[in-house]
Amino acid sequence: MKLHAIRKRRGATVAKRGSDAYDMYRLLALHDIDGSIARALVRAPAELGEWGAHQIEELFVSDVDRTVLWIRNALAAGTVSVVADDLSAIGKSFIDRAREG
């Protein structure tokens, strides 16, 4: 749902993209250590797994600098220290696990 929300934000809620991205980062960093979320997503119906992996790859690897900027702009100064390398590492790990199946 967070991946979908990031893409659909418009108008007054566009600034929430950063907090959505941060929530997604925290979810993966804290709860996908063993790859269980990635593996479960791959088994999801209607090509949801491939869509999710593509979104993670785009947000956390390909366009990581933009995503970090969104996060920094959305959250209060001093509350988050996420850098591009953090997002990329989580994104790459997730993608690798998702594609392994």
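Residues numbered from 1 in each chain as written. Predicted model: local features only at pLDDT ≥ 70, side-chain atom pairs only at ≥ 80, totals over all residues. Heavy atoms only, no water.

All right, on to the overall build of the protein chain then. Summing up its helical and strand segments, the protein chain has 6 helices and 0 strands in all. Scanning the protein chain from its N terminus toward the C terminus, one meets helices and strands in the order α-α-α-α-α-α. A compact globule built from 101 residues should have a C-alpha radius of gyration of about 13 Å, and the protein chain, at 13 Å, falls within 12% of that. By residue count, 37% of the 101 residues in the protein chain fall in the buried class. Side-chain charges of the protein chain comprise 15 positive and 14 negative groups, with the mean position of each set lying 7 Å from the other. (Helix = DSSP H or I, 4+ residues; strand = E, 2+ residues; numbered from the N terminus. Rg over C-alpha atoms; globule rule 2.2 N^0.38 Å. Buried < 20%, exposed > 50% of the residue type's maximum accessible area, 1.4 Å probe, protein only. Lys, Arg positive; Asp, Glu negative; His and termini not counted. Charge placed at Lys NZ, Arg CZ, Asp CG, Glu CD.)

Where helix 2 (residues 17-31) contacts helix 6 (residues 84-100), the two axes come as close as 10 Å, and the packing angle between them is 60 degrees. Between helix 2 and helix 6, the crossing angle belongs to the class labelled oblique. Regarding helix 2 and helix 6, the two cross each other, and that crossing is left-handed. Of helix 6, the residues touching helix 2 (which contributes Y25, L28 and A29) are D86, L87, I90 and F94. (Axes fitted to C-alpha atoms, helices over the stretch in contact; angles between N-to-C directions. Parallel < 35°, antiparallel > 145°, perpendicular 65-115°, else oblique. Left-handed = near helix turned anticlockwise from the far one by under 90°. Contact = heavy atoms within 4.5 Å.)

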